[in-house]
Amino acid sequence: MKQVFILRGLPGCGKSYYAQNLADELVAGDQSQYLICSTDDYFYNERGEYQFDKFKQSQFHNLNLARFINALAQSIPLVIVDNTNIKKWEFIAYNQAAIALGYQVKEVIVGEVKDKSLQHLYAKRNGHNVPLKMISKMAYMFEW
């Protein structure tokens, strides 16, 4: 069975950790059997340092979607979208492409979106220095 998991959640909630554990559980970590598609991957420079650039965000989201569709076209059994996906429009193209190519799709909300104390934790532990103010704004904008 071909599966797509679309992860949703605030920065620092554990999406990337969840994605890797899911791959380890479902395909025993066999890298030929899964792909994790994260737009964050495109923000790393050649030295492995994360450098967010809001002017490249749209371009990088498009590159991530193209990588995702390519993985589906190659019939990779497990494909995971590891983005915040705060608004539903942000992942509709992933969902539609997966359905069109015969994948079972599951949307997974990782962490608690509305819990203020957890938002503080997420701000402390997210790897990209997203401040609490932005995390709280994203929580407010989250579409169910």
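What you see is a predicted model; the values in this text were computed from it and never measured.

*Asks:* Please give an account of the side chain of N85 that cites residues and values.
*Replies:* Along the polypeptide, N85 turns up in the loop between β3 (78–82) and α3 (92–100). Only 3.3 Å separates the side chain of N85 from the backbone oxygen of N83, close enough to count as a polar contact.

*Asks:* Describe the packing of helix α4 (residues 116–125) against helix α5 (residues 132–141), and please don't skip the residues or the numbers.
*Replies:* Helix-helix packing is characterised by the crossing angle of the two axes and by the distance between the axes. Relative orientation of the contacting elements α4 and α5 amounts to 130 degrees, with a least axis distance of 9 Å. Comparing their axes, α5 and α4 come out oblique. Between α4 and α5 lies a crossing whose hand is right-handed. For the pair formed by α4 and α5, the contact residues are Q119, H120, Y122 and A123 on the first element and L132, I135, S136 and A139 on the second. Among the residues forming the contact of α4 with α5, the class breakdown is five nonpolar, three polar and no charged.

*Asks:* Go over the sheet that holds β3, please, and point to the residues and values.
*Replies:* Taken in spatial order, the four strands make up an open sheet running β2-β3-β1-β4, and their pairing is parallel. The open sheet has two edge strands, β2 (34–37) and β4 (104–109), and neither has a second partner. In this sheet, neighbouring strand axes are inclined to one another by 15 degrees on average, regardless of whether the strands run parallel or antiparallel. The sheet contact formed by strand β1 (residues 3–8) and β3 spans five bridges and is parallel. The residue bridging V4 from the neighbouring strand is V79, located in β3. Strands in contact with helix α1 (residues 15–27) are β1, β2, β3 and β4; relative to β3, the strand with the most contacts, it is inclined by about 170 degrees.

Cut-offs used in this document
Residues numbered from 1 in each chain as written. Predicted model: local features only at pLDDT ≥ 70, side-chain atom pairs only at ≥ 80, totals over all residues. Heavy atoms only, no water. Helix = DSSP H or I, 4+ residues; strand = E, 2+ residues; numbered from the N terminus. Polar contact = N/O pair within 3.5 Å; in protein donor to acceptor, adjacent residues only side chain to side chain. Axes fitted to C-alpha atoms, helices over the stretch in contact; angles between N-to-C directions. Parallel < 35°, antiparallel > 145°, perpendicular 65-115°, else oblique. Left-handed = near helix turned anticlockwise from the far one by under 90°. Contact = heavy atoms within 4.5 Å. Nonpolar A, V, L, I, M, F, W, Y, C, P; charged D, E, K, R; others polar. Pairing = 2+ DSSP bridges.

By themselves, these figures tell us nothing about what the structure is for.
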